[in-house]
Amino acid sequence: MDTLASQIEALTEQVELLQQENEALKQQRNQIQQQLSATLDGTGLCLWEQHVPSGDLLIYNQQWGTLLGYTHEEYAANMESWKGSLHPEDKEWVIKAFEDHINGKEEVYQAVHRMIHKDGSVRWVSDRGRIVEYAQDGSPLKILGTHIDITQEKRYQLDLARLAHRDPLTDLLNRAAAEKAYKEMQSATDFQSGTLLFIDVDNFKHINDRHGHRFGDLTLVEISVTLQHYCDTLLPSTKVQVARIGGDEFVIITSISEYQLISILAGALIAHFKKQQTIDEKLVSLGLSIGISCFAHDDKFTQVCEQADNAMYGIKQAGKHNYSFWQQPKSIAQFTG
């Protein structure tokens, strides 16, 4: 009897010791997980694990749905909710990339893609994962991965790319982007011929000197908006690009070469700016001198710009506020507006 009691006492002590060790391991695990979470949160990195058969997801260091503005109750932690939040333009290829890894076609799942936030805005995510555990039959059981919100970085990259192709003052195409658009227009399968309008603002130097550079900038912005408006209104179904190529010089590139349509556009712009303009509560007299040149598949951008510039210079010498074609139109003897 004493022997049995001793054995029970010894077993009880072992159980208590095991419980203490188990509690210590739990505390150690919690401490390590807290340290991991703090470290990952500092980098913005989110650690996730997916149970492949069920599609359930476990987030180790962030609440599921936080990235997209949802609470845990609003956003189920599973693959279906993840798929439902993928950007429509990215959804197909992102899911394919994930499934290619599941099916053994790719060593890792890796994708930089967009997701839709609860408020309708777009979030950019860098996502990566790898199978870490297989079932007895060799099928994938668990995937461990990370994702990180790179929205700010992506917006910065997009802004830089935009600045590289846009005039920072007017947000029109810059010269390099205008030449690229010109070449893309030429290479289109349905392209036959196009037209380039070279526009110089009359009296701009006088306005800039009199009212200052800030007012001059406002004037250029107003002109840019007006050019774009007339192109959109008069040539709504035509490929048209508007650019500021320097100072007070602009170009309009179109995929049409009908003299009547181009004359209507140029004439409307001339008529608009012959009237006094109200800019920043000041009345100013502006004007446009426009030179026009048609181009075909093999015409160089610089050559066509020079031709249109020469036609514009002729207008300057003839008194400004008008437009002229560089080429001699076959069906129109008089080609000034």
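Residues numbered from 1 in each chain as written. Predicted model: local features only at pLDDT ≥ 70, side-chain atom pairs only at ≥ 80, totals over all residues. Heavy atoms only, no water.

**Q** Just to check I follow, could you spell out the packing of helix H7 (residues 213–234) against helix H8 (residues 259–274) for this structure?
**A** Working note: a packed helix pair is described by the angle between its axes plus the distance between those axes. Between H7 and H8, the least distance of the axes is 10 Å, while the angle of their chain directions is 140°. Helix-helix and strand crossings are classified by hand; for H7 and H8 the assignment is right-handed. Across from Ile 223, Thr 226, Leu 227, Tyr 230, Cys 231 and Leu 234 in H7, the residues of H8 making contact are Ile 264, Leu 265, Ala 268, Leu 269, His 272 and Phe 273. Residue composition of the contact of H7 with H8, grouped by class: ten nonpolar, two polar and no charged. (Axes fitted to C-alpha atoms, helices over the stretch in contact; angles between N-to-C directions. Helix = DSSP H or I, 4+ residues; strand = E, 2+ residues; numbered from the N terminus. Left-handed = near helix turned anticlockwise from the far one by under 90°. Contact = heavy atoms within 4.5 Å. Nonpolar A, V, L, I, M, F, W, Y, C, P; charged D, E, K, R; others polar.)

**Q** What should I look at first to understand the pairing of strand E1 (residues 45–51) in this one?
**A** Strand residues, when the strand is regular, have side chains that alternate between the two faces of the sheet. Extensive coverage of E1 is indicated by the burial of five of its seven residues. Direction of pairing for E1 relative to strand E5 (residues 140–149): antiparallel, over a ladder of seven bridges. Across the sheet, Trp 48 pairs through a bridge with Gly 145, a residue of E5. Where E1 folds back on strand E2 (residues 56–59), the antiparallel hairpin that results is connected by four residues, among which Gly 55 adopts a positive phi of roughly 80°. (Buried < 20%, exposed > 50% of the residue type's maximum accessible area, 1.4 Å probe, protein only. Pairing = 2+ DSSP bridges.)

**Q** Explain the pattern of salt bridges here, please?
**A** Two side chains bearing opposite charge may form a pair once their charged atoms approach each other closely. A complete count under the given rule lists twelve salt bridges for this structure. The partner of Asp 200 in a salt bridge is Lys 316, and the shortest N-O contact between them spans 2.5 Å. Remark: Lys 316 occurs in helix H9 (residues 301–318) and Asp 200 occurs in strand E6 (residues 194–201); sequence separation between them is 116 residues. Given a relative accessible area of 9%, Asp 200 falls into the buried group. The structure contains a network of salt bridges with shared partners spanning Glu 89, Asp 90 and Arg 114. (Salt bridge = Lys/Arg side-chain N within 4 Å of Asp/Glu carboxyl O.)

**Q** Help me understand empty space enclosed by the protein, please; the structure alone is not making it clear to me.
**A** The probe, sized like a water molecule, is rolled over the atoms to show the empty space still left. Tallying each qualifying case throughout the model produces two cavities of 30 Å³ or more. Its boundaries defined by the atoms lining it, the second largest cavity holds a volume of some 100 Å³. Class assignment for the residues of the lining of the second largest cavity results in eight nonpolar, one polar and one charged. (1 Å grid on protein atoms, 1.4 Å probe; cavity = no way out; pocket = protein on both sides within 12 Å on 5 of 7 lines; lining within 4 Å. Points joined across faces, edges and corners; volume = space filled by probe spheres on them.)

**Q** Help me understand the sheet that holds E2 in this model?
**A** Backbone-to-backbone hydrogen bonds pair the strands of a sheet. The strands run either parallel or antiparallel. Strand order in the open sheet formed by five strands is E2-E1-E5-E4-E3, with antiparallel pairing between adjacent strands. A single partner strand is all that each edge strand has here, and the edge strands are E2 and strand E3 (109–116). Sheet twist, expressed as the mean angle between neighbouring strand axes with direction ignored, is 30°. Two elements, strand E4 (residues 122–134) and E5, share nine bridges in a ladder whose sense is antiparallel. The residue of E5 that forms the bridge with Asp 127 is His 147. Lying on the sheet, helix H3 (residues 91–102) is in contact with E1, E3, E4 and E5; it crosses E3 at an angle near 150°.

**Q** Any chance you could explain the confidence of the model for the chain here in plain terms?
**A** If pLDDT is low for a region, its predicted coordinates should not be looked at in detail. When pLDDT is averaged across the chain, the result is 84; 89% of the residues are at 70 or more. Element-level mean pLDDT values for the chain span from 66 in helix H1 (residues 2–43) up to 95 in strand E8 (residues 249–254). (pLDDT = per-residue confidence, 0-100.)

**Q** In this structure, what is going on with the layout of surface pockets? I would like to understand it.
**A** Put simply, the largest pocket is a space of about 170 Å³. When residues of the lining of the largest pocket are traced back to their parent elements, those giving at least two are helix H5 (175–187) and strand E7 (240–246). It is H5 that contributes the most residues to the lining of the largest pocket, five residues altogether. Grouping the amino acids of the lining of the largest pocket by side-chain chemistry returns five nonpolar, two polar and three charged.

**Q** Can you help me understand the side chain of Asn 208 in this one?
**A** Locating Asn 208 in the fold gives a position in helix H6 (residues 204–211). According to the relative accessible area criterion, Asn 208 is buried, its value standing at 14%. Reaching out from Asn 208, the side chain makes a polar contact with the side chain of His 213 at a distance of 3.1 Å. Not counting the four nearest positions on each side in its chain, Asn 208 is found in contact with His 213 and Gly 216. (Polar contact = N/O pair within 3.5 Å; in protein donor to acceptor, adjacent residues only side chain to side chain.)

**Q** Explain unusual backbone geometry here, please?
**A** Both trends apply: most residues other than glycine have a negative phi, and most peptide bonds are in trans. Phi angles above zero are rare outside glycine, and Asp 171 is one such case at about 65°. Of note, Asp 171 is situated in the loop between helix H4 (151–165) and H5. For Asp 171, a relative accessible area of 34% corresponds to the partly exposed category. A positive phi angle is found at Asn 203, which is not glycine, with a value near 70°.

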